[in-house]
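Coordinate inspection notes
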Amino acid sequence: MRHFLTLKDYTKEEILEILELGVEIKKEVKAKNFVPRLANQTLAMIFEKSSTRTRVSFEVGMYQLGGHALFLSNRDIHLGRGEPVKDTARVISSMCDMVMIRTYEQSKLEEFSRYSKVPVINGLSDSYHPVQLLADYMTMMECGKDKNPIVAYVGDGNNMTHSWLMLASKLGFELRVATPKGYECDPAIIADAMEFAKQSGAKISISNDPKEAVKGATVVTTDTWISMGQEEEKAQRLRAFEGYIVDEALMALAEKGAIFLHCLPAYRGVEVSESVLEGEQSLIFEEAENRLHAQKGLMVWLDKHR
Ligand code: CP
Ligand code: NVA
């Protein structure tokens, strides 16, 4: 049985297999052909943080696959008032077929998965957001930007950046990360990515220079400067990230046909300008929709590997 807690645990072949399944299921659903690949199965969705896309895409995805999803916020279940993770894991996994968790610490996901009898999916933690990267790469595949991509990530060294590091180093493409001083990625995750890059041939560069990162890039991406749980740092972060906005001037340094991606929610005029977000190069809503399709590929893949 496999869990999906980070792309670190997955090979290039496995990542591409999941995506191919997602593409196949997307085609079927667009043709109104709903194949009940997960008939009678239940996905438990535990949310300790807010969500629009993750909740809707997993719930609708499970329904379209012939199954059912349960939304469990930490206000509703005893996990939120101190019932141990290991007890919650054993109870929920004795009744459900798969579990998706959005939480703070990656270690909580790891602990849950150790006690779970069914596959556990990371629906975002402070360290990683791997399901988002499946959708991001699917969006790149759909417009041919998966061919020798040069991806520039400009902004906070957060869960999204860490996941980009894993994806690039596993698949073997060029990734340039530009973060402000003091907001760099976790050095241990950078070290892991550099190790994987040696095998895959990925070219990874880390800097504090957004312009250098974006020059000639084929994909430009960013994320909020204030992730969930960092609300109190807002003022200090807004100051530290000055000059990191992805606006038209920065986009102009990228390759002519470059695309812009953002996992959303986006803050206009903060990490990205309204004109870039709403402009022709932006594929943010295709990217958001692909959460639905890519995650169905993932759930079907996990079901096959149990
Ligand atoms: N991108 C993403 O995970 O969005 P939500 O927080 O709305 O789920
Ligand atoms: N980095 C953001 C991503 C939201 C989808 C956060 O963790 O809040």
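Refer to the structure above for everything that follows.
Residues numbered from 1 in each chain as written. Chains lettered and ligands numbered in written order. Predicted model: local features only at pLDDT ≥ 70, side-chain atom pairs only at ≥ 80, totals over all residues. Heavy atoms only, no water.

Once that is clear, we can look at the nonpolar core. Membership of the largest hydrophobic core comes to 58 residues, with the highest contact counts inside it found for Phe4, Ile121 and Trp164. If you tally residues by element for this core, the top one is helix α6 (residues 159-171), at 7 residues. Tyr183, Trp225, Tyr244 and Met251 belong to the second largest nonpolar core, which has 26 residues in total. (Core = buried A, V, L, I, M, F, W, Y, C linked by side-chain atoms within 4.5 Å. Buried < 20%, exposed > 50% of the residue type's maximum accessible area, 1.4 Å probe, protein only. Helix = DSSP H or I, 4+ residues; strand = E, 2+ residues; numbered from the N terminus.)

Moving on, we come to the site of ligand 2. As a matter of local geometry, ligand 2 sits amid Leu124, Asn158, Asn159, Asp223, Thr224, Ser227, Met228, Cys263 and Leu264. Contact distances for ligand 2 include 3.4 Å between a nitrogen atom and a side-chain N or O atom of asparagine 158. When ligand 2 sits alone it has 270 Å² of accessible area, and the protein chains cover 95% of it. Split by residue class, the shell around ligand 2 holds 4 nonpolar, 4 polar and 1 charged. (Near = heavy atom within 4 Å. Polar contact = N/O pair within 3.5 Å; in protein donor to acceptor, adjacent residues only side chain to side chain. Areas by Shrake-Rupley, 256 points an atom, 1.4 Å probe, with all protein chains shown as cover. Nonpolar A, V, L, I, M, F, W, Y, C, P; charged D, E, K, R; others polar.)

A cis geometry characterises the amide bond from leucine 264 onward to proline 265, with omega recorded as 0°. Among the secondary structure elements, proline 265 is positioned in the loop between β9 (259-262) and α11 (274-277). Not every positive phi belongs to a glycine, and lysine 32 is a case in point at roughly 60°. Along the chain, the position of lysine 32 falls in the loop between α1 (12-30) and β1 (42-47). Phi is positive for leucine 124, close to 120°, though the residue is something other than glycine.

Strand order in the open sheet formed by 4 strands is β2-β1-β3-β4, and the pairing between neighbours is parallel. The open sheet terminates on both sides in strands that have one partner only, identified here as β2 (68-73) and β4 (120-122). In this sheet, neighbouring strand axes are inclined to one another by 20° on average, regardless of whether the strands run parallel or antiparallel. Pairing geometry for β1 and strand β3 (residues 98-102), over 5 bridges, is parallel. When the bridges of β3 are listed, alanine 44 appears paired with valine 99. (Pairing = 2+ DSSP bridges. Axes fitted to C-alpha atoms, helices over the stretch in contact; angles between N-to-C directions.)

Moving on, we get to helix α5 (residues 130-142). Because an α-helix completes one turn every 3.6 residues, residues spaced three or four positions apart along the sequence face the same direction. In this model, α5 (13 residues) spans 19 Å end to end at C-alpha, consistent with the 18 Å of a helix rising 1.5 Å per residue. Burial within α5 is extensive, with 11 of its 13 residues counted as buried. Pro130, Val131, Gln132, Leu133, Leu134, Ala135, Asp136, Tyr137, Met138, Thr139 and Met140 are the residues of α5 that are buried. (Expected span 1.5 Å × (residues − 1).)

What follows concerns the sheet that holds strand β8 (residues 219-222). The strand order across the open sheet built from 5 strands is β7-β6-β5-β8-β9, with neighbouring strands paired in parallel fashion. Two strands close off the open sheet at either side, each with one partner strand: β7 (203-207) and β9. Across this sheet, the average inter-strand angle for adjacent strands is 15°, counted without regard to direction. Direction of pairing for strand β5 (residues 150-154) relative to β8: parallel, over a ladder of 3 bridges. Bridging across to β8, tyrosine 153 finds its partner in threonine 221. Contacting β5, β6 (174-178), β7, β8 and β9, α6 crosses the sheet at an angle of about 160° to β6. (Contact = heavy atoms within 4.5 Å.)

Worth remembering: the numbers are spatial, not functional.
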